[in-house]
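Observations on the model geometry
Chain residues, written in single-letter form:
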Amino acid sequence: MTRRPLLIAIDGPAGAGKSATARELAVRLGLPYLDTGAMYRAVALLARRAGLGPELDGEGRRAVVGFAERLGVGFRGDPRAQRVILDGEDVTEALRAPEVSQMASVVSAIPEVRREMVRRQRELAARSGGVVEGRDIGTVVFPDATLKVFLTAEPEMRARRRFDELARRGVAASWEDVLEEQRERDRRDSTRPDSPMRPAEGAVIVDTSRLSLPEVVEAVVALLPGPPRTP
Ligand code: DC
């Protein structure tokens, strides 16, 4: 009898704590960590470097699909300090720039881009399992995951975390801009016709507004089937 690998899908909007939670879970459970947002961000970075902006015409759109199909993205290092490598270049920091965040939300609405990313994500995680973080992991990529979690938090709380994270990295941004960009990205990610962000059937919704990271991790671990897992 073959046992299915443990696969945990972590979906939810920006700033809900998906990355921190998914990374800690991966370390705790000894599983690979897959940041699918980084893949869309890598496509977005290539688009930006090619001079493309959020308003894509037919030609721009075709160029973006080409970037997705030829994407040479890889991950290196343990989940807590994972680096993203694009065509041999470490782009971990570059992927976090606010204009790349917006562009990632734009390119991820293109069905051909999604199809290509989903195919790769299945290839990467289907055999070994893992903690997979994104927007459509429980709904589209791995609907039969061992556990599906939708992390959410109040918009102001999420924007505050994003704001603090940008400040820590020395990126100057106003609170109003962060809140507005988040609103725009949430709207685009949850209203696109292809794979809109929403809780999957059977997903457990966890509101992280008033929980610390260790509390969120504990809450998710407690949802896993099987005997209790101690730290
Ligand atoms: O999680 P993130 O902020 O790194 O994601 C960047 C963008 O990519 C986000 O605006 C939506 C998109 N995305 C997606 O559509 N599907 C995923 N599985 C992951 C991210």
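Each remark here, short or long, concerns the structure printed above.
Since the model is a prediction, treat every value here as computed from it, not as a measurement. (Residues numbered from 1 in each chain as written. Predicted model: local features only at pLDDT ≥ 70, side-chain atom pairs only at ≥ 80, totals over all residues. Heavy atoms only, no water.)

**Structural notes on the overall build of the protein chain**
Applicable threshold: The way it works is that DSSP assigns letters per residue, a run of H or I at least four long becomes a helix, a run of E at least two long becomes a strand, and they are numbered from the N terminus. Relative accessible area decides the class of each residue, using a 1.4 Å probe on protein chains only: under 20% of the type maximum gives buried, over 50% gives exposed, and in between gives partly exposed. Contacts are assigned to residue pairs with any non-hydrogen atoms lying within 4.5 Å of each other. Only the protein chains shown count as cover for residues, and the accessible areas themselves come from Shrake-Rupley with a 1.4 Å probe.
Scanning the protein chain from N- to C-terminus turns up nine helices and eight strands. Judged by the C-alpha coordinates and their principal axes, the protein chain covers about 55 × 45 × 35 Å. Counting the 231 residues in the protein chain, one finds 47% classified as buried. Considering only contacts within the protein chain whose residues lie at least 6 apart along the sequence, 76% involve residues at least 24 apart. For the protein chain, the computed accessible surface area is about 11,400 Å², with 52% contributed by carbon and sulfur atoms.

**A few points about the site of the ligand**
This is how it is decided: When at least one non-hydrogen atom of a residue lies within 4 Å of a molecule or strand, that residue is treated as near it. Whenever two N or O atoms come within 3.5 Å, that pair is a polar contact, provided that in protein one can donate a hydrogen and the other can accept it, and provided that, for residues adjacent in sequence, both atoms are side-chain atoms. Polar here means any residue other than Ala, Val, Leu, Ile, Met, Phe, Trp, Tyr, Cys and Pro, which are nonpolar, and Asp, Glu, Lys and Arg, which are charged; Gly is therefore polar.
Around the ligand, the structure places 16 residues, and the nearest of them are R41, R114, R135, D136 and R192. R41 is positioned with one of its side-chain polar atoms (N or O) 2.6 Å from an oxygen atom of the ligand. A distance of 2.9 Å separates an oxygen atom of the ligand from a polar atom in the side chain of R135. Looking at the shell around the ligand, the elements with two or more residues in it are α2 (36–49), α4 (98–107) and α8 (175–191). Across the shell around the ligand, the residue classes tally to three nonpolar, five polar and eight charged.

**Considerations on the packing of helix α3 (residues 58–69) against helix α5 (residues 111–125)**
The cut-off we apply is this: Between the N-to-C directions of two axes lies an angle of 0 to 180 degrees, each axis being a line fitted to C-alpha atoms and, for a helix, fitted only over the stretch in contact. Orientation is classified from the angle alone, with under 35 degrees giving roughly parallel, over 145 giving roughly antiparallel, 65 to 115 giving roughly perpendicular, and any other angle giving oblique.
Their axes nearest at 9 Å, the elements α3 and α5 cross at an angle of 5 degrees. One element, α3, and the other, α5, form an angle in the roughly parallel class. Contact with α3, carried on its side by R61, V64, V65, A68 and E69, involves P111, E112, V113, E116, M117 and R120 of α5 and no other residues of that element. Considering only residue class, the contact of α3 with α5 consists of six nonpolar, no polar and five charged.

**Re the packing of α4 against α8**
This is how the line gets drawn: In this scheme the handedness of a crossing depends on how the near helix is turned from the far one: anticlockwise by less than a right angle means left-handed, clockwise means right-handed.
Running from N to C, α4 and α8 point in directions that differ by 15 degrees, and their axes come no closer than 9 Å. Between α4 and α8, the angle falls in the class roughly parallel. The crossing of α4 and α8 is left-handed. Seen from α4, the contacting residues are P98, S101, Q102, S105 and V106; seen from α8, they are E181, E184, R185, R188 and D189. Looking at the contact of α4 with α8 residue by residue, the class counts come to two nonpolar, three polar and five charged.

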